[in-house]
Number of protein chains: 2
Amino acid sequence: MSRALSAPEKVSGDTRAKVSEAVEATGYTINQAARSLRMREARTILVAIPNMGNPFYSTIMDAVVGEAAERGYGVLVANRLGNDPTQWLRDYFSSNRADGLLLFDASLELGHLPEPPRQRGALPLVLSCDEIIDGGFNLVTTDNRAAAERATRHLIELGHTRIGQIGGRQVHQFPNERTLGFQDAMRKAGLTTRPDWYFPGDHTMACGIRAADSYLALEDRPTALFCANDESMIGFLSRSRAHGIECPRDISLIGFDDISIAENYWPPLTTMRQPRHELGRVATATLLDILDGTTRPNQGLHVILPSQLIIRGSTAACSSHRKAVGQ
Amino acid sequence: MSRALSAPEKVSGDTRAKVSEAVEATGYTINQAARSLRMREARTILVAIPNMGNPFYSTIMDAVVGEAAERGYGVLVANRLGNDPTQWLRDYFSSNRADGLLLFDASLELGHLPEPPRQRGALPLVLSCDEIIDGGFNLVTTDNRAAAERATRHLIELGHTRIGQIGGRQVHQFPNERTLGFQDAMRKAGLTTRPDWYFPGDHTMACGIRAADSYLALEDRPTALFCANDESMIGFLSRSRAHGIECPRDISLIGFDDISIAENYWPPLTTMRQPRHELGRVATATLLDILDGTTRPNQGLHVILPSQLIIRGSTAACSSHRKAVGQ
DNA sequence: TTGAAAGCGCTAACAA
DNA sequence: TTGTTAGCGCTTTCAA
């Protein structure tokens, strides 16, 4: 019976017919619990996402579920309960509920992972996030650093020289990839980054609002801002507009992600589009390849997906530059 | 051993100590597959969501996962593959991968459900959506109809009499709850709804854009619009502004949901806030109560959560009314 | 090509 | 209070 279902070619047409007839008649469906027990695999992956309320991650999630379903895997969702990942990860993982782990949250202390996933490289764990991770893990990310440099260059090409930044989350005190890319571009252009033009952030609209308040209090203001993501940019836009600042007349802003409202905001957001769907799909495919034995990496493999500059209405030529060029 | 873990009170302190010592020493964790097989329950629920990319649903999802985890349940995510729900529902459900189903998508043909969930009422199925469902199913929804009436009344109280509508998805050709509420308010105020002021929609920004195009082509325009949700409202706002329409000077707009950008859009959105987190939490709790046997409904139970009117900047007194009142 | 049987790790029932 | 055992539904091995 099992044979007829899983390896039909090893069974006579006669028996096969009889089996499928019986399946029809009784409405048989396989019992996954029994199968998992016997096969020692759950055909399920666990996805840990920092903040599912964030539309950025929900799109990724959509792709993850789609790709997994296509390959016969279920998707379990975990959100963080408490601060000790060991607790809930163990709860799913070492209890045979999931075969692999898809981690979209670099802020997890990876050192704290329970035994199985801790052994790096050859392990059913794929990380997908914006941060630098010390080697050995399988990584699927976008080209954050290069993309941030490209974004900043866009501002520079527009004639801006007084450029500030709304920062993103920093893990372990290191500047993140996007900040690094920003600094690359500034350095290459011979521009200086000013500490009073750096507004710390955490990818929320709230931090954009705080950034706007700091900006408004400045004597000497930048003419452009590189924002860690679209939401912090929207927070900034919203608060600064309420105080009479008009974008892009008074300040040029570039964001990151290209979230769905980006093109219907006012002004429409100039931003670096992140291939979110692709990110989720590829991360899942990578994990599943490892589980299926297709890929057996002996060290961490790193897939990098390209971002794309989307120019809309929130950036414009710097007014002093405009004058200089005679516009 | 099993006893010491699941019913510690029925075991002597001595044995209990020995067992927990052994657990420590060997790093034992329970095998869920074996447990599921034996207990005939997966301690997992399946969540079907129409569009996870939509921030409205991702917040709900967050609440679902939190509540389920708290009660020791895992959450499997399904997205729709193809149009036959039987196929993938069966795949999870009757195969013992999930004990119950949380459905956030009324557009599923419920008649097509596989056997177990089809028997209504006493079944491990909880529906949570905006639509009217013919009785018998367990339902957790917001007070859509009353909320839509309240929203429309807000417009009317502002002096608007020429009110149009951007519609939402309609299932089975029936007007949905929000449309019904809108009509209630109009009727009670003795106002007429005009077919050329009804713009069909599907809760996307794209449909808001189409609505704006239709609106712009109108000879005789409404002074206010009741929008099925915030995203369609944002689409309308974006397109109409590009054509010189200013909100709320030229038109008042009220939305539905209070998505996170709502207060940082320009103008800030007046909207009916939906208790999304609560919706997810209560729907999950209801399903889990059924699974645990706490609730054993013999017919469908219906939990209704209240919405809340959030007045911001997208609605204003009707200009003709303003004149009349001498403002 | 097919049938029979062992055993995955757990819980519950029964004996001791 | 504790030890023993059957059996959940599946896959796989071994025999026929």
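Here, the structure is the one placed above.
Residues numbered from 1 in each chain as written. Chains lettered and ligands numbered in written order. Predicted model: local features only at pLDDT ≥ 70, side-chain atom pairs only at ≥ 80, totals over all residues. Heavy atoms only, no water.

1. Quick notes on the overall build of chain A
Formally: The helix and strand labels rest on DSSP assignments: H or I over at least four residues marks a helix, E over at least two residues marks a strand, and numbering proceeds from the N terminus. Residue burial is assigned from relative accessible area. The probe radius is 1.4 Å, only protein chains are included, and a residue is buried under 20% of its type maximum, exposed over 50%, and partly exposed in between. Only heavy atoms enter the contact rule, under which two residues are in contact if any of them lie within 4.5 Å. The Shrake-Rupley method, run with a 1.4 Å probe, gives the accessible areas here. Residue values count only the displayed protein chains as cover.
In terms of regular secondary structure, chain A is built from 12 helices and 12 strands. Classification of the 327 residues of chain A by burial places 55% in the buried group. Once local pairs closer than 6 in sequence are excluded, the contacts in chain A between residues at least 24 apart make up 74%. With the model as given, the accessible surface of chain A reaches about 14,300 Å², and the carbon-plus-sulfur share is 50%.

2. A short note on the sheet that holds strand E10 (residues 270–273) of chain B
Residue and element names in this part refer to chain B. Put simply, the rule reads: By the convention used here, strands pair only if DSSP detects at least 2 bridges between them.
Spatially, E7-E6-E8-E9-E10-E12 is the arrangement adopted by the 6 strands of the open sheet, whose pairing is mixed. Single-partner strands in this sheet number two, and they are strand E7 (198–199) and strand E12 (308–310). Here 2 bridges tie strand E6 (residues 163–166) to E7, and the two strands are oriented parallel to one another. Within the sheet, the bridge partner assigned to Ile 166 lies in E7 and is Phe 199.

3. A closer look at the protein's contact with DNA strand D
As a reminder of what qualifies: Note on definitions. A residue lies near a molecule or strand when any single heavy atom of the residue is within 4 Å of it. Under this definition, polar contacts are N or O atom pairs within 3.5 Å; protein pairs additionally need one hydrogen-donor-capable and one acceptor-capable atom, and for neighbouring residues in sequence, both atoms have to be side-chain atoms.
As a structural note, the neighbourhood of DNA strand D is formed by 17 residues, with Ser 2 and Arg 38 of chain A together with Ser 12, Thr 15 and Arg 40 of chain B the closest of them. Here DNA strand D approaches the protein such that, of its atoms within 4 Å, sugar and phosphate make up 64%. Between DNA strand D and Ala 34 of chain A there is a distance of 3.5 Å, counted from a base nitrogen to a backbone nitrogen or oxygen. Broken down by secondary-structure element, the contributors of at least two residues to the surface near DNA strand D are helix H1 (2–6) and helix H3 (32–39) of chain A together with helix H3 (32–39) of chain B.

4. Observations concerning H3 of chain B
Just so we agree on the cut-off: The arc under discussion is defined with respect to the helix axis, by the directions toward the C-beta atoms.
Turning to H3 of chain B, its buried residues are Gln 32, Ala 33 and Ser 36 of chain B. The arc that holds every buried residue of H3 of chain B, seen down its axis, measures 100°, which confines them to one face. Among the structural elements, H3 of chain A are those in contact with the buried residues of H3 of chain B. Put simply, Asn 31 of chain B is the residue that caps the front of H3 of chain B, since its side-chain oxygen is 2.8 Å from the backbone nitrogen of Ala 33 of chain B. At the C-terminal side of H3 of chain B, Arg 40 of chain B shows a positive phi close to 60°.

5. Digging into the relation of the copies chain A and chain B
Note the following rule: For the least-squares superposition of copies, only C-alpha atoms count, and only for residues with pLDDT at least 70 in both.
Mapping chain A onto chain B calls for a rotation angle of 180° and an axial translation of 0.0 Å; the resulting RMSD is 0.1 Å. Here the two chains are linked by the operation of a two-fold rotation axis.

6. Notes on the protein's contact with DNA strand C
The cut-off we apply is this: Residues were grouped as follows: Ala, Val, Leu, Ile, Met, Phe, Trp, Tyr, Cys and Pro as nonpolar; Asp, Glu, Lys and Arg as charged; and all remaining residues, including Gly, as polar.
Inspection of the region around DNA strand C gives 17 residues, with Ser 12, Thr 15 and Arg 40 of chain A together with Tyr 28 and Arg 38 of chain B positioned closest. By atom count, sugar and phosphate contribute 64% of the portion of DNA strand C lying within 4 Å of the protein. With respect to DNA strand C, the side chain of Ser 2 of chain B contributes an N or O atom lying 2.7 Å from a phosphate oxygen. Between Tyr 28 of chain B and DNA strand C, the recorded distance is 2.6 Å, taken from a side-chain N or O atom to a phosphate oxygen. For the surface near DNA strand C, the secondary-structure elements that each account for two or more residues are H3 of chain A together with helix H1 (2–6) and H3 of chain B. Ranked by the residues each element gives to the surface near DNA strand C, the list is headed by H3 of chain B, at 4 residues. Residues belonging to the surface near DNA strand C are distributed by class as follows: 6 nonpolar, 5 polar and 6 charged.

7. Brief notes about the packing of helix H4 (residues 55–70) of chain B against helix H11 (residues 276–292) of chain B
Residue and element names in this part refer to chain B. Note the cut-off: Note on geometry: axes are C-alpha line fits, over the in-contact stretch for helices, and angles between N-to-C directions span 0 to 180 degrees. Put simply, angles under 35 degrees are roughly parallel, angles over 145 are roughly antiparallel, angles from 65 to 115 are roughly perpendicular, and the rest are oblique. We call a crossing left-handed when the near helix sits turned anticlockwise from the far one by less than a right angle, and right-handed when that turn is clockwise.
Following both chains from N to C, one finds H4 and H11 inclined at 45°, their axes separated by 7 Å at the closest point. Considering their axes alone, H4 and H11 lie oblique with respect to each other. For the crossing formed where H4 meets H11, the hand is right-handed. The residues of H11 that touch H4, namely those facing Pro 55, Phe 56, Thr 59, Ile 60, Asp 62, Ala 63, Val 64, Glu 67 and Ala 68, are Arg 276, His 277, Leu 279, Gly 280, Arg 281, Thr 284, Ala 285 and Leu 288. Of the residues contributing to the contact of H4 with H11, the split by class is 9 nonpolar, 4 polar and 4 charged.

8. Focus: the interface of chain A and chain B
Heads up, the condition is: A simple way to read buried area is as the amount of 1.4 Å-probe accessible surface that goes missing from two parts once joined, with both sides added. By convention in these notes, a salt bridge is any Lys or Arg side-chain nitrogen within 4 Å of a carboxyl oxygen on Asp or Glu.
Taken together, the 47 residues of chain A in the interface contact 47 residues of chain B. Both faces considered, chain A and chain B share a buried interface measuring about 4,000 Å² in area, 59% of it formed by carbon and sulfur atoms. Where chain A touches chain B, the interface holds 0 salt bridges. The interface formed by chain A and chain B includes 10 residue pairs in polar contact (both at pLDDT 80 or more). Those elements that provide at least two residues to the side of chain A that touches chain B are H3, helix H4 (55–70), strand E2 (74–78), helix H5 (85–93), helix H9 (205–217) and helix H10 (230–242) of chain A. Residue contributions to the side of chain A that touches chain B peak at 8 residues, all from H4 of chain A.

9. Details of the pattern of salt bridges
All names here are of chain A. Counted under the stated rule, the structure contains 37 salt bridges over all chains. In this structure, Arg 162 engages Asp 220 in a salt bridge whose closest nitrogen and oxygen atoms are separated by 2.4 Å. Placement of the pair is Arg 162 in the loop between helix H7 (144–157) and strand E6 (163–166) and Asp 220 in the loop between H9 and strand E8 (224–227), with a sequence separation of 58 residues. We classify Arg 162 as partly exposed; its relative accessible area is 29%. Overall, the relative accessible area of 32% leaves Asp 220 in the partly exposed class. Several salt bridges share partner residues, and in doing so they unite Glu 149, Arg 153, Glu 157 and Lys 188 into one network.

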